[in-house]
Amino acid sequence: QVQLVESGGGSVQSGGSLMLTCATSPGFTFSMYYMSWYRQAPGKERELVAKITNTGNTEYADFVKGRFTISRDNTKKTIYLQMNSLKPEDTAMYYCKAGPQYWGHGTQVTVSS
């Protein structure tokens, strides 16, 4: 069974930084999957934040371009989301996703003004 475990969330002030980590289960064929970060704020739809292909190509939502960086370590079967210049509107539950079908349980990010 594929397991995705997010960590690194927390509470920061506006302008601060956080790094999220998503670790996958040992038997998962990580290197074959594109990986994504999504977020969902209360009362809002879940939205794509960033995606990285199995070859390392990246895509970002316009609202995080220049502030967030997604990366992956195929040896550790882990992806990261470095979040800089955080804003209160970045407050949300952040979810890791593997391919089209596997989701983690999320990690909360709260940014105060």
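As a reminder, the structure under discussion sits directly above these lines.
Treat the numbers as computed from the prediction; the structure is a model and nothing was measured. (Residues numbered from 1 in each chain as written. Predicted model: local features only at pLDDT ≥ 70, side-chain atom pairs only at ≥ 80, totals over all residues. Heavy atoms only, no water.)

Participant: Honestly, the overall build of the protein chain in this entry has me stumped. Any pointers?
Facilitator: When helices and strands are counted, the protein chain shows zero helices and 11 strands. Its helices and strands in sequence order give the protein chain the pattern β-β-β-β-β-β-β-β-β-β-β, from N to C terminus. The globule rule puts the C-alpha radius of gyration for 113 residues at 13 Å, and the 13 Å found for the protein chain is close to it. Counting only C-alpha atoms, the protein chain reaches 40 × 25 × 25 Å along its principal axes. (Helix = DSSP H or I, 4+ residues; strand = E, 2+ residues; numbered from the N terminus. Rg over C-alpha atoms; globule rule 2.2 N^0.38 Å.)

Participant: Before we go on, may I ask you to explain the sheet that holds strand β7 (residues 68-73) in this structure?
Facilitator: Note on sheets: strands pair through backbone hydrogen bonds, and any given pair is parallel or antiparallel. Across the sheet, four strands lie side by side as β1-β3-β8-β7; this open sheet has antiparallel pairing. The outermost strands of the open sheet, each flanked by one partner alone, are β1 (4-7) and β7. Neighbouring strand axes in the sheet, compared pairwise and without regard to direction, differ in orientation by 15° on average. (Pairing = 2+ DSSP bridges. Axes fitted to C-alpha atoms, helices over the stretch in contact; angles between N-to-C directions.)

Participant: Where do I start with the side chain of S36 in this structure?
Facilitator: Note on placement: S36 falls in strand β4 (residues 35-40). Residue classification places S36 among the buried positions, given a relative accessible area of 1%. (Buried < 20%, exposed > 50% of the residue type's maximum accessible area, 1.4 Å probe, protein only.)

Participant: Explanation requested: the pairing of strand β11 (residues 107-112) in the structure shown.
Facilitator: The side chains of a regular strand alternate, residue by residue, between the two faces of the sheet. Burial along β11 is one-sided: T107, V109 and V111 are buried, and none of Q108, T110 and S112, which face the opposite way, are. Of the pairings in the sheet, the one linking strand β2 (residues 10-13) to β11 comprises four bridges and is parallel in character. Of the residues in β11, the one forming a bridge with S11 is T110.

Participant: Quick question: what am I supposed to make of the environment of E59 here?
Facilitator: Its place among the elements puts E59 in strand β6 (residues 58-60). Owing to a relative accessible area of 47%, E59 belongs among the partly exposed residues under this scheme. Sequence-wise, E59 and L48 are 11 residues apart; in three dimensions their C-alpha atoms are separated by 9.7 Å.

Participant: What is the right way to read the pattern of salt bridges from this model?
Facilitator: Side-chain pairs of opposite charge can arise whenever the charged atoms involved come near each other. Tallying each qualifying case throughout the model produces four salt bridges. In this structure, the salt-bridge partner of R39 is E47, at a minimum N-O distance of 2.9 Å. By relative accessible area, which is 6% here, R39 ends up buried. When its relative accessible area of 31% is taken as the criterion, E47 is described as partly exposed. Between D90 and R67 there is a salt bridge, with its nearest N and O atoms 2.7 Å apart. Highlighted residues: D90 in the loop between β8 (78-83) and β9 (92-98) and R67 in the loop between β6 and β7, separated in sequence by 23 residues. For the pair D90 and R67, a shared accessibility class is recorded, and that class is buried. Linked by salt bridges that have partners in common, R39, E47, R67 and D90 make up one network. (Salt bridge = Lys/Arg side-chain N within 4 Å of Asp/Glu carboxyl O.)

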